[in-house]
Amino acid sequence: MGSTAPPQPGRTPRAAGRPRRLPLRKSLLGRFLAVSALVAACSVAATAWLAVQTTSGAIKKEQGQLLADDTRVYNTLLDYAATHPDWDDVQGTVDDLAQRTGRRITLTDGDRTPFADSSPQTARPTLPPQASVTVNPLAVDTALSALAGGESTEDLTTRKTIAPQTPRPTKVRPEPAPPQAVVPGRTPKVDLAPEPPEERPKPNGGVRGPVVPSSRSADESGVDRIDPRAVGPFRLSTADRTRLRVLAERQAQCYAARGLTVTLVTGPSGRPRLERTARTDASDQMFLDDGRECDTGALSAPTASERTALDTLNDLTNACLDRRRQPRVDVGLDLTWSDTPNPSKARTSLDHRTIGLCLHQARGEQLSSHVAPEALLFITDRDGGTPSKFELSPDNTAKIAGAAALVLALTVGVSVVAGTRLVRPLHALTGAAQRMKDGSGGDRWTPVPVPADSEIGRLAAAFNDMAAHRTRLEEQRKVMVSDVAHELRTPLSNIRGWLEGAQDGVAELDKALVSSLLEEAVQLQHIIDDLQDLAEADAGALRLYPEPVPVTELLVQVAAAHQARADAAGVTLTVSASTGPAEGGGPDDPVVDPVRLRQAVGNLVTNAIRHTPSGGEVTVRAARSEPEGDLVLEVSDTGEGLTAEQLPYVFDRFWRAEKSRNRRTGGSGLGLSIVRRLTEAHGGTVSVSSTVDVGSVFTLRIPARGSVSEPAGDRQG
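Keep in mind the model is a prediction, meaning the values are calculated, not measured. (Residues numbered from 1 in each chain as written. Predicted model: local features only at pLDDT ≥ 70, side-chain atom pairs only at ≥ 80, totals over all residues. Heavy atoms only, no water.)

Asks: Just give me the short version of the overall build of the protein, but keep the residues and values in it.
Replies: Scanning the protein from terminus to terminus reveals 16 helices and 17 strands. Buried residues in the protein amount to 36% of all 717 residues. Within the protein, contacts between residues separated by at least 24 positions form 72% of all contacts whose residues are at least 6 apart in sequence. Counting only carbon and sulfur atoms, one obtains 55% of the accessible surface of the protein, whose full area is about 41,900 Å². (Helix = DSSP H or I, 4+ residues; strand = E, 2+ residues; numbered from the N terminus. Buried < 20%, exposed > 50% of the residue type's maximum accessible area, 1.4 Å probe, protein only. Contact = heavy atoms within 4.5 Å. Areas by Shrake-Rupley, 256 points an atom, 1.4 Å probe, with all protein chains shown as cover.)

Right, dumping it as structure tokens:
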């Protein structure tokens with residue numbers, strides 16, 4: 001069977017080396033770009049919508065103002081044309097309109113020859129290809145006239161309301177007849193005092209029969225485009241106006257005396273009429289029906305000039321109807337008509353549209369000599385240019401789309417640069433972590449560059465600290481393995497050598513040799529026990545069994561256990577207890593594990609005796625700190641001491657001041673490490689101070705009573 005060849009040393013397979021690059025949609029850069037693009041698109045859309053809404057509102061407002069100005073200019077000039085037979089004096093009106101609207105106004109004839117221009121330039125103006133509107137009072141522009149809202153008629157109409165001074169008594173009258181229908185398109189009128197059927201004058205001066213109720217008007221037929229202000233020969237003289245005004249006011253006072261509120265309306269021709277301004281009850285209607293009480297006949301009768309103009313209008317209208325073979329009609333002052341009774345002919349139905357066309361044609365022919373001729377009106381800017389039209393052309397749409405695309409592209413570009421700078425340190429961290437995992441960097445580790453102070457910078461700094469700490473731990477692990485192997489190799493080599501010598505008969509297996517072998521075995525057991533204690537402490541499995549302990553008694557026991565070794569080394573071992581711990585046990589005794597505390601103090605005493613020359617002194621002290629009340633234990637000696645460079649490594653595992661590892665001057669190198677872990681297990685700290693050739697002081701500080709919790713179960717022996 002074949003087998004896969006192992007990877008060459010120093011080279012990492014691709015599958016186990018650098019990780020596969022993430023897809024853009026899953027990477028941080030891709031998500032950052034997507035969010036940036038979405039935010040940019042929403043921002044552009046919101047800005048564009050707001051700009052369009054704001055601009056549209058401003059455009060509509062300006063367009064409305066321009067349209068209102070154009071309508072005002074048109075109606076003013078239309079009024080002038082309807083009330084003047086020519087354009088000779090229109091220049092003043094044009095100048096006034098131009099000053100009020102801020103526009104240039106030009107009037108020309110049909111050949112586009114200007115006869116009125118608001119611009120002070122003497123040269124002939126450059127006119128747009130198409131006129132703004134045609135000014136003709138006989139053919140009004142219905143669109144602009146509708147925008148004016150009837151303003152042209154109301155400007156030449158005066159109204160005066162006459163109300164009763166005191167309320168009149170209610171009179172019971174019979175039910176009135178239904179009121180006359182209102183003609184569509186005209187101002188509603190109320191016949192306040194309808195007389196008996198009117199005998200209208202014929203064109204030849206004779207008397208006509210009563211008007212039939214089937215009358216219609218030119219407005220109702222939908223063909224009347226003549227400006228209401230163009231009255232021509234129907235305009236009353238000053239004397240007629242005054243006389244009719246007096247009659248109208250007299251009739252209004254008559255109605256007011258009977259409790260009715262009426263309005264005196266004066267039309268463009270100067271003829272007054274009465275209109276009711278409020279709804280009336282049945283008794284009011286009876287007053288309206290009874291025209292003899294207020295003498296309404298004189299006010300409704302045509303004047304001499306009106307009769308002449310009306311006869312001419314009837315002749316022109318009927319001549320048109322004769323040409324179209326339609327029955328003749330009788331046209332009244334209010335431009336309504338009714339058919340003319342003819343006993344010799346059968347009564348036929350009227351074609352009201354044809355009648356309206358003929359009446360409109362007749363009025364135009366009658367008024368043509370009384371109004372100004374048709375003129376072309378040009379409304380432009382002050383410099384003569386055509387007013388700008390506010391519409392979104394394809395070019396403007398392309399500009400807006402281009403600006404939005406440019407903003408979006410810039411946003412995406414900036415996001416790409418920012419995202420690349422953002423993920424570059426992350427890629428470096430990923431690569432460094434992968435190299436540490438694979439061990440491709442060897443024993444040496446290269447720190448990751450730390451960017452500016454930011455979240456990613458802090459992450460890189462923390463990673464560097466972690467990697468440095470891991471490197472130190474790895475080095476310590478290697479050193480520890482080497483030290484453990486050395487510490488175990490020496491006694492095992494001695495035991496093996498002596499046993500092989502005894503086996504070969506070279507050495508005699510006597511009592512001295514057995515004692516030596518036992519000493520080596522005890523040393524091995526001591527090293528193994530120390531390693532087990534450190535392993536339990538590292539794993540958090542080191543169990544403590546705290547109880548109140550008289551510290552002075554404990555220290556005396558430790559000194560007695562090491563007294564023989566001290567005597568052999570020529571060292572004086574003493575115990576000194578300050579005020580605090582009781583001698584025979586009491587409530588002030590510290591709560592500690594006596595076995596572990598005795599082990600820690602014993603390791604310090606052993607280390608002090610080993611490094612103190614003959615004639616030196618080792619002292620063990622116990623005291624209480626103020627004001628915390630912590631237990632303080634000190635082991636001092638007058639030995640060789642330590643340098644400042646050696647102090648940071650005193651509690652490291654397998655560290656020795658004596659590098660030769662001579663058993664006469666050094667132990668296994670684990671005793672002080674065990675002291676630190678046992679003290680930390682009690683929640684305390686251990687420190688050292690030393691002076692070369694003077695001595696060293698090791699201090700254990702354990703928190704006050706109750707700082708160590710008792711574990712469940714009993715101590716296993």
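Asks: Residues and numbers for the side chain of Thr 101, please.
Replies: Mapped onto the elements of the fold, Thr 101 is located in helix 2 (residues 91–101). Residue classification places Thr 101 among the buried residues on the basis of a relative accessible area of 14%. Apart from the residues lying within four places of it in its own chain, the contact partners of Thr 101 are Asp 69, Arg 72 and Val 73.

Asks: A description of the packing of helix 14 (residues 551–569) against helix 15 (residues 594–610) should follow, citing residues and the corresponding values.
Replies: Two elements in contact, helix 14 and helix 15, have axes separated by 10 Å at closest approach and are oriented at 25 degrees. With respect to each other, helix 14 and helix 15 are oriented roughly parallel. Viewed along their axes, helix 14 and helix 15 form a crossing whose handedness is right-handed. Seen from helix 14, the contacting residues are Leu 554, Leu 555, Gln 557, Val 558, His 562, Arg 565, Ala 566 and Ala 569; seen from helix 15, they are Pro 594, Leu 597, Arg 598, Val 601, Gly 602, Val 605, Thr 606 and Ile 609. Class assignment of the residues belonging to the contact of helix 14 with helix 15 gives a composition of 10 nonpolar, 4 polar and 2 charged. (Axes fitted to C-alpha atoms, helices over the stretch in contact; angles between N-to-C directions. Parallel < 35°, antiparallel > 145°, perpendicular 65-115°, else oblique. Left-handed = near helix turned anticlockwise from the far one by under 90°. Nonpolar A, V, L, I, M, F, W, Y, C, P; charged D, E, K, R; others polar.)

Asks: A description of unusual backbone geometry should follow, citing residues and the corresponding values.
Replies: Phi is positive for Arg 112, close to 65 degrees, though the residue is something other than glycine. Accessibility expressed as a relative area gives 28% for Arg 112, which makes it partly exposed.

Asks: Hey, could you go over the confidence of the model for the protein for me, with residue numbers and the actual values?
Replies: Confidence in the prediction for the protein averages 75 pLDDT; 73% of positions are at 70 or higher. Counting contacts from residues 170–215, a segment whose pLDDT is below 50, to residues more than four positions away or on other chains yields 84 contacts. Across residues 709–717, confidence stays below pLDDT 50; counting only partners more than four residues off in sequence or on other chains, it has 12 contacts. (pLDDT = per-residue confidence, 0-100.)

Asks: Can you lay out the packing of aromatic side chains for me, pointing to particular residues and giving the numbers?
Replies: Inspection of the entire model under this criterion finds 3 aromatic pairs. Their ring planes at 20 degrees and their centres at 5.8 Å tell us that Tyr 80 and Trp 87 sit as a pair that is stacked. Assessed through its relative accessible area of 8%, Trp 87 is described here as buried. Ring centres 6.2 Å apart and planes at 85 degrees place the aromatic pair Phe 651 and Phe 698 in the edge-to-face group. In this pair, Phe 651 is assigned in the loop between strand 15 (631–637) and helix 16 (671–681) and Phe 698 in strand 17 (residues 695–702), connecting sequence segments 47 residues apart. Residues Phe 651 and Phe 698 agree in their burial class; the two are buried. Among the aromatic residues, those joined into a ring-pair cluster are Tyr 80, Trp 87 and Phe 115. (Phe/Tyr/Trp six-rings, centres within 6.5 Å; stacked < 30°, edge-to-face > 60°.)

Asks: Please set out the pattern of salt bridges residue by residue, giving values where relevant.
Replies: Overall, the coordinates contain 13 salt bridges when judged by the stated rule. Notably, a salt bridge pairs Asp 240 with Arg 243, separated by 4.0 Å at the nearest N-O pair. On the criterion of helical spacing, the pair formed by Asp 240 and Arg 243 is a turn pair, its members being 3 residues apart in helix 6 (residues 238–257). With a relative accessible area of 40%, Arg 243 lands in the partly exposed category. A salt bridge links Glu 275 to Arg 273, with the shortest nitrogen-to-oxygen separation between them at 3.0 Å. When salt bridges with common partners are traced through the structure, they connect Asp 79, Asp 227 and Arg 229 into a single cluster. (Salt bridge = Lys/Arg side-chain N within 4 Å of Asp/Glu carboxyl O.)

Asks: Give a description of the sheet that holds strand 4 (residues 158–162) that names residues and reports values.
Replies: Note: strands within a sheet are paired through backbone hydrogen bonds, in either parallel or antiparallel orientation. Within the open sheet, the 3 strands sit side by side as 4-6-7. Their pairing is antiparallel. Each edge of the open sheet carries a strand with a single partner, namely strand 4 and strand 7 (272–276). Between one strand and the next, the sheet's axes are offset by a mean angle of 25 degrees, whatever the strand orientation. As defined by bridge partners, strand 4 adjoins strand 6 (residues 262–266) across 5 bridges and the pair is classed as antiparallel. Opposite Ile 162, over in strand 6, you have Val 262 as the bridge partner. (Pairing = 2+ DSSP bridges.)

Asks: Report on the nonpolar core, specifying residues and quantitative values.
Replies: If you look at the biggest cluster of nonpolar residues, it comprises 41 residues, and the most contacted ones within it are Leu 555, Val 601, Val 605 and Leu 633. Contributions of two or more residues to this core are made by helix 13 (511–539), helix 14, helix 15, strand 14 (617–624), strand 15, helix 16 and strand 17. The element best represented in this core is helix 15, accounting for 7 residues. Setting aside residues up to four positions removed in sequence, Leu 555 forms contacts with Val 575, Val 601, Val 620, Arg 621, Ala 622 and Leu 633. Of all hydrophobic cores here, the second largest spans 22 residues; its members include Leu 78, Tyr 80, Ala 98 and Val 133. (Core = buried A, V, L, I, M, F, W, Y, C linked by side-chain atoms within 4.5 Å.)

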